[in-house]
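# Fold and contact review
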Amino acid sequence: MSSDFSPGSIQKVLQADHLTVRLGQHVVLNNLNFELGTGQIMALIGANGSGKTTLLRTLIGRVGFEGQILWMGKSIRDWSLRNLAKQVAYMPQSPSSDPGDRVIEVLRIGRFPHRGWMSLDHDEDEHLIREVAQELGLIDLLDRAIETLSGGQRQRVFLGRCLVQSPRVILLDEPTTFLDLKHQTDFYRLIRKLAEKRGICILMACHDLNLATAHADKVMVLKSGRLLACGNIRQVMNEKIVSEAFDMPMKRIELNQSFHFVPLE
Amino acid sequence: MFVLLLISSGVWSLVAIACLMVGSRSVGWPEYEILSLRLYNHVLPASLIGSALACAGVTYQAILRNPLADPYLLGTSSGAMLAAYIYRLPVFATVGWISALTPHTFALLGALGITTLVLILCGSRGVIHPVTVILVGAIINSICGAVFLLLNSIFWDLQGTGGILTFMVGDIQTTASWQQIYLSALGIGIGWVLLVVLSPFLNVIRLGEDEASSLGVKIQRIRGLGLIIASGVTAAAVAISGPIGFIGLICPHIARWFCGNDNRRLMIVATALGASVLTMADALSRYLLSVQFIHTILPIGVITAILGGPFFLILLLRHRRE
């Protein structure tokens, strides 16, 4: 069954209306309203426990919710899991792999939603995998076991698996958690490049305010499951909102047409 | 993939032909009657059982995300063992429908019954978690083993074929009827085809729930299906062999060294490897009879455990060093 989404015809890739998630009596996400347009990068910011991961898992259909989630204008409840996987890729905070998994095997798994029932390898799939590997600088690592790679290389492999899925949207859950500052910067630059080149929409949960906001178009700030602010980075990221989000006074410092936040305590 | 299937079948065929030449008194191409006897009583059943255990092992290890998972984890072997023993109890010998069955069919029912019980207990909330499966399987295995020993202490002098060790160690049951072997072969054949179809999904579900779901796989459905099919295949094998150890555990691991972690390839290579290894173990048990100090043919389960364990250990340590 093919997807009925035709690229270019819809501006809003994602729309959430009155999105609420309850786990037992506890309200984890409370009445969220936001949208994401074609080719945008949105940073999802908030303290630990603010609901970032739950939101991403809800958007791929892993968590029950009240309200409405529309992917490409169609309710998530009307998408088959497989067709949604052709449009939306997800990279968790700690992607899974088994010892001995080679890079090429990890990348091949990304083609799964596009394959037939016997899931045979086709030339066009292999061509796409090599193209993505080339783009991410993984072409010489294809036969390496995943556990022999550095943290930065590994994250690129898992990003590659998402790209091989040929999605319209990629959801990233704190993708730079285990990376040093240089690799974090490299990763966000790569994300920006891919979004511009391939027109992919990206929603990424981040801890590092400064790096995330430096590479995103829009930002969504969560606090205890509530949407504190959502919109253009320059408008939203002010001292009041960021201080409230992290429950600590923050100072915004302008620097070479960009800005940074530093804690005052 | 088809090339891999051809190569794997070719390797198994060569092993099977070589093993046909091994006898308890001589090594060489035998006369037709002996050839036929070795083929139908040893090489084909051993290949059938070995392939069943290996492909079930691949499935269990992927679904339970545990490299130590083996086909007997869900109580299949202990269910068969208990049922085979219960079949011989005097109290059941008088029950018409039970005495109408062969002991192997009764063992098959026992294996399926216990496995079904484990699966029902694991999936009672509609969600199958690997850790729950492993724990429930271990508990049910222990209970079955305890009941078996309890019955054995009460009815210690049971009459019947095969002896108490038959269903504890595992061997090719030469007393199994042809109908029983055909039934098992049919079950294993259908199960294997289904597992090959399921194998691409196994690549995805070993990633974890969120990632599998984001790749379009309904993980609970695949876990349930995979466990049911693999358990059915194991039950069909155990009914004619008892619990032959190590094949379901080591063959998937050895196959991984040849073809990597891709379950599509692994399912084919491990199946051929399981069939070949058990056929070789069976040939060795025949050959050992010619050794002076061995007075009776060794059950295959003893050979796979004695040789399989250290062999796997050596390969594992060498592989880790590399």
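Definitions and cut-offs
- Residues numbered from 1 in each chain as written.
- Chains lettered and ligands numbered in written order.
- Predicted model: local features only at pLDDT ≥ 70, side-chain atom pairs only at ≥ 80, totals over all residues.
- Helix = DSSP H or I, 4+ residues; strand = E, 2+ residues; numbered from the N terminus.
- Rg over C-alpha atoms; globule rule 2.2 N^0.38 Å.
- Buried ≥ 20, exposed ≤ 12 C-beta atoms within 10 Å, placed from the backbone.
- Contact = placed C-beta atoms within 7 Å.
- Pairing = 2+ DSSP bridges.
- Axes fitted to C-alpha atoms, helices over the stretch in contact; angles between N-to-C directions.
- Nonpolar A, V, L, I, M, F, W, Y, C, P; charged D, E, K, R; others polar.
- Parallel < 35°, antiparallel > 145°, perpendicular 65-115°, else oblique.
- Left-handed = near helix turned anticlockwise from the far one by under 90°.
- pLDDT = per-residue confidence, 0-100.

### Describing the overall build of chain B
When its secondary structure is counted, chain B shows 14 helices and zero strands. The secondary structure elements of chain B, listed N-terminal to C-terminal, are α-α-α-α-α-α-α-α-α-α-α-α-α-α. Here the C-alpha radius of gyration of chain B, 20 Å, is about what a compact globule of 322 residues would show, namely 20 Å. Out of the 322 residues belonging to chain B, those deemed buried represent 51%. Taking contacts inside chain B between residues at least 6 apart in sequence as the whole, the part at least 24 apart equals 78%.

### Some points on the overall build of chain A
Scanning chain A from terminus to terminus reveals nine helices and twelve strands. Since a compact globule built from 265 residues should have a radius of gyration of about 18 Å, the 19 Å found for chain A is in line with a globular shape. Counting only C-alpha atoms and orienting by the principal axes, one finds that chain A spans roughly 55 × 40 × 35 Å. Taking all 265 residues of chain A together, 41% fall into the buried category. Partitioning the contacts of chain A with sequence separation of at least 6, the portion at a separation of at least 24 is 65%.

### What about the sheet that holds strand 4 (residues 66–71) of chain A?
Residue and element names in this part refer to chain A. Here four strands make up an open sheet; going across it, the order is 2-1-4-5 and the pairing antiparallel. Strands with a single pairing partner mark the edges of an open sheet, and in this sheet they are strand 2 (26–37) and strand 5 (74–75). By the bridge criterion, two bridges tie strand 4 to strand 5 in an arrangement that is antiparallel. The residue of strand 5 that forms the bridge with Leu 70 is Ser 75. Those strands touched by helix 1 (residues 52–59) are strand 1 (12–23), strand 2 and strand 4, and its axis lies near 65° from that of strand 2.

### Some remarks on the sheet that holds strand 7 (residues 169–173) of chain A
Residues and elements named next belong to chain A. Read from one edge of the open sheet, six strands run 6-7-8-3-9-10, paired in mixed fashion. What marks the edges here is a single partner per strand, and that holds for strand 6 (88–91) and strand 10 (226–232). The mean angle between the axes of side-by-side strands here comes to 15°, regardless of whether they run parallel or antiparallel. Bridge count between strand 3 (residues 41–45) and strand 9 (residues 218–223): four bridges; the pairing is parallel. Note on strand 9: the bridge partner recorded for Ile 45 is Val 221.

### Considering the interface of chain B and chain A
One frequently used descriptor of interface size is the decrease in accessible area upon assembly of the parts. Chain B puts 19 residues into the contact, and the matching count from chain A is 22 residues. Considering each element in turn, the side of chain B that touches chain A owes the most residues, four residues, to helix 10 (residues 209–214) of chain B. Tallied by class, the residues present in the side of chain B that touches chain A amount to five nonpolar, seven polar and seven charged.

### Some remarks on the environment of Gly 137 of chain A
All names here are of chain A. Relative to the helices and strands, Gly 137 is located in the loop between helix 4 (123–135) and helix 5 (151–164). Classification of Gly 137 by C-beta neighbours within 10 Å gives partly exposed; the count is 14. Each C-alpha atom, one on Gly 137 and one on Cys 230, is 34 Å from the other, the two residues being 93 residues apart in sequence.

### Section: the packing of helix 2 (residues 32–63) of chain B against helix 9 (residues 178–205) of chain B
Residue and element names in this part refer to chain B. Running from N to C, helix 2 and helix 9 cross one another at 30°; their axes reach a closest spacing of 9 Å. Between helix 2 and helix 9, the angle is such that the two are roughly parallel. Once helix 2 is placed against helix 9, the crossing between them reads as left-handed. Contacts between helix 2 and helix 9 involve Pro 45, Leu 48, Ser 51, Ala 52, Cys 55, Thr 59, Ala 62 and Ile 63 from the first element and Ile 181, Ser 184, Ala 185, Ile 188, Trp 192, Leu 195, Leu 202 and Ile 205 from the second. Here the contact of helix 2 with helix 9 is built from residues that sort into 13 nonpolar, three polar and no charged.

### Here's the deal with the confidence of the model for chain B
Residue and element names in this part refer to chain B. Of all residues in chain B, 91% attain a pLDDT of 70 or more, and the chain-wide mean is 84. Here helix 8 (residues 166–169) stands out as the element of chain B with the lowest mean pLDDT, 63, in contrast to helix 13 (residues 263–288), whose mean of 92 is the highest. Overall fold confidence for the complex sits at a pTM of 0.85, while the interface term, ipTM, reaches 0.86.

### Structural notes on unusual backbone geometry
Despite not being glycine, Asn 31 of chain A has its phi angle at roughly 55°, a positive value. Mapping Asn 31 of chain A onto the fold places it in strand 2. Judged by local crowding, Asn 31 of chain A falls into the partly exposed class, with 14 C-beta atoms found within 10 Å. In this structure, Arg 65 of chain B takes a positive phi of about 50° despite not being glycine.

### Description of the pairing of strand 1 of chain A
Across eight bridges, the pairing between strand 1 of chain A and strand 2 of chain A is antiparallel. Across the sheet, residue Arg 22 of chain A finds its bridge partner in strand 2 of chain A, namely Val 27 of chain A.

### A look at the environment of Thr 58 of chain A
Residue and element names in this part refer to chain A. Note on placement: Thr 58 falls in helix 1. Taking the number of C-beta atoms within 10 Å as the measure of exposure, Thr 58 has 23 and is therefore buried. For Thr 58 and Lys 251, which are 193 residues apart along the polypeptide, the C-alpha to C-alpha distance reads 33 Å. In this view, Thr 58 contacts Val 21, Leu 29, Val 63 and Phe 65; residues no more than four positions away in its chain are not counted.

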